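# Report on the structure
If you want the building blocks of each chain, they are given just below.
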Amino acid sequence: MRNTLLLRVGKTPGDPCEWVLLGADGQPTGTVQAGMLAEAATAANGLRVTVLVPASDCLLTSVSIPGTNRQKLLRAVPYALEEQLTTDVEDLHFAVGPALGNGSHAVAIIAIQRMESIVESCYEAGLDISHVMPEQLAVPCSEDTTCIVYERDLALVRTGSYAGFAVDPENLGMILTRQSVADDAVDNPVHIYLPAGTELPELGVGGAAAQIGYYHGSVLGLLAIGAGSPSIDLLQGAYSHSQDWGKLWRPWRATAALLLAVFVVSNVVMAINYFRLDSEQAELTSRISEIYKQTFPDTKRVVNPRVQMQQQLERLQRSQGGGGFMVLLARAGDVLRSNEGIEISAANFRAGRLDVDLTASNLQVLDQLKQTLAGKGLTVEIQTATTEADQRVKSRLRIRGDSA
């Protein structure tokens with residue numbers, strides 16, 4: 001058993017309440033406190049709460065209904081008890097307890113309006129309710145004993161594991177006497193708890209052999225001792241925890257449905273994009289393979305065209321003297337760019353040589369360019385040289401890096 005807070009609500013909405021902390025063994029761990037529900041929620045500090053409902057609000061009885069299906073029992077109980085009640089069953093909440101030995105079931109009945117008032121006020125205060133039980137079933141009592149707790153102008157009576165009631169002290173003696181005569185059990189033990197310092201009222205024959213005990217302080221301290229005994233939890237049907245989750249979930253169903261729709265649509269769009277991109281990638285891969293085969297027709301097998309293309313280029317560069325096009329361009333580029341009077345019209349690299357078509361302002365400039373390139377360690381050959389009418393010279397130079 002976990003630590004809990006035992007809460008005794010007031011007789012009417014807005015009345016102060018009382019509470020006490022219970023340890024893991026179900027026994028009180030402190031003194032009884034009093035205040036409003038918000039103060040009780042602060043004291044609970046997140047603990048689960050067991051609520052004691054005033055005995056005057058709950059009618060305890062029993063009903064005989066065949067079958068063991070609990071849902072069917074909950075539906076059938078109101079109609080089985082309808083003739084015994086003065087209030088319409090539609091206005092009452094019925095909680096079914098465990099099966100009794102005679103084939104019947106214990107039943108607790110409370111007005112729906114009162115039940116909703118208790119539960120809603122506790123939830124609004126921030127209390128985490130785990131059980132709601134009639135307070136007369138928290139009266140400490142052994143089996144086959146009638147136990148009575150006096151409290152100011154009220155007496156709580158427990159006549160069995162799942163039976164009990166509340167009554168004015170003035171009428172208690174008459175009720176006990178009638179019960180003893182009806183049950184033919186005058187010797188049935190009666191245990192009475194009185195506030196310390198008070199005297200026992202006259203109870204007649206029903207209380208003649210009563211055993212008297214006294215309690216100090218609030219009666220909740222005494223009820224806390226019996227709160228762990230068998231009881232009937234009123235959190236059933238519309239007030240069950242599963243229904244609470246349903247109520248919490250209901251306002252969010254539209255939002256959840258929208259989020260689910262967005263999730264589904266986004267995943268569909270992602271899937272469509274994935275298949276489209278996958279198709280485009282396959283098409284590009286096929287195109288790259290075709291280009292590779294056109295560039296290197298002797299290739300028999302294409303595994304990774306990009307990598308194979310890079311390998312082929314590196315192989316070509318290693319096989320060409322002077323380090324290939326980039327090397328020649330780097331060595332000759334500065335000279336060609338810095339010489340005034342030189343206009344380059346075309347360049348072609350093939351078989352390790354760079355052919356440059358250019359126009360020089362005169363033959364002297366062309367000869368000077370050749371010497372400068374040779375000074376860079378390059379082999380330069382003038383392939384053609386044609387002098388125009390304006391003395392400009394069109395020429396083709398073949399540059400190799402053989403002498404580098």
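These lines cover the structure that appears in this document, whether it is placed above or below.

### Let's talk about the state of the cysteines
Applying the stated rule across the entire model yields one disulfide. Each disulfide pairs two cysteine sulfurs, and for Cys141 the partner residue is Cys147, the sulfurs being separated by 2.2 Å. Taking the sign of the S-S torsion, about 80 degrees here, the bridge from Cys141 to Cys147 comes out right-handed. According to the relative accessible area criterion, Cys141 is partly exposed, its value standing at 26%. For Cys147, a relative accessible area of 2% corresponds to the buried category. Free of any disulfide, Cys122 has its nearest neighbouring cysteine sulfur in Cys17, separated by 7.8 Å. Look at Cys122 and you get buried, because its relative accessible area is 0%.

### Overview of the pattern of salt bridges
Throughout the structure, instances matching the rule amount to twelve salt bridges. Where Glu135 meets Arg8, a salt bridge forms, and the shortest distance between an N and an O atom there is 2.7 Å. With Glu135 in the loop between β8 (128–134) and β9 (146–151) and Arg8 in strand β1 (residues 4–8), the pair connects residues that are 127 residues apart, well separated along the chain. Ionic contacts of the salt-bridge type, sharing partners, join the residues Arg8, Glu135, Glu151 and Arg152 into one network.

### Looking at the packing of aromatic side chains
All chains considered together, the criterion is met by one aromatic pair. Arranged with centres 5.6 Å apart and planes meeting at 70 degrees, the rings of Tyr274 and Phe275 form a pair that is edge-to-face. What makes Tyr274 exposed here is its relative accessible area of 53%.

### Focus: helix α5 (residues 219–226)
Counted residue by residue, α5 has six buried out of eight residues, so it is predominantly covered. Val219, Leu220, Leu222, Leu223, Ala224 and Gly226 are the residues of α5 that are buried. Sitting at the amino-terminal end of α5 is Ser218, which places a side-chain oxygen 3.1 Å from the backbone nitrogen of Leu220.

### Considerations on the sheet that holds strand β7 (residues 105–111)
Ordered by their spatial adjacency, three strands build an open sheet running β5-β7-β6, and the pairing between neighbours is antiparallel. Two strands in the sheet have a free side with no partner beyond their single neighbour: β5 (59–63) and β6 (92–99). In this sheet, neighbouring strand axes are inclined to one another by 30 degrees on average, regardless of whether the strands run parallel or antiparallel. Here β6 runs beside β7; their pairing, made up of six bridges, is antiparallel. In the strand pairing of β7, Phe94 is matched with Ile109. In the packing of helix α2 (residues 70–81) onto the sheet, the strands contacted are β5, β6 and β7, and the crossing angle to β6 comes to about 120 degrees. Along the sheet face, helix α3 (residues 112–125) touches β6 and β7 and points at about 80 degrees away from the line of β7.

### Focus: unusual backbone geometry
Despite not being glycine, Asp144 shows a phi value in the positive range, around 60 degrees. Secondary-structure assignment places Asp144 in the loop between β8 and β9.

### Regarding the environment of Lys376
Along the chain, the position of Lys376 falls in the loop between α10 (363–375) and β16 (379–387). On the basis of relative accessible area, Lys376 is assigned to the partly exposed category, the value being 48%. Among residues more than four places away in sequence, those in contact with Lys376 are Arg331 and Val335.

Definitions and limits used
Residues numbered from 1 in each chain as written. Predicted model: local features only at pLDDT ≥ 70, side-chain atom pairs only at ≥ 80, totals over all residues. Heavy atoms only, no water. Disulfide = S-S within 2.5 Å. Buried < 20%, exposed > 50% of the residue type's maximum accessible area, 1.4 Å probe, protein only. Salt bridge = Lys/Arg side-chain N within 4 Å of Asp/Glu carboxyl O. Helix = DSSP H or I, 4+ residues; strand = E, 2+ residues; numbered from the N terminus. Phe/Tyr/Trp six-rings, centres within 6.5 Å; stacked < 30°, edge-to-face > 60°. Polar contact = N/O pair within 3.5 Å; in protein donor to acceptor, adjacent residues only side chain to side chain. Pairing = 2+ DSSP bridges. Axes fitted to C-alpha atoms, helices over the stretch in contact; angles between N-to-C directions. Contact = heavy atoms within 4.5 Å.

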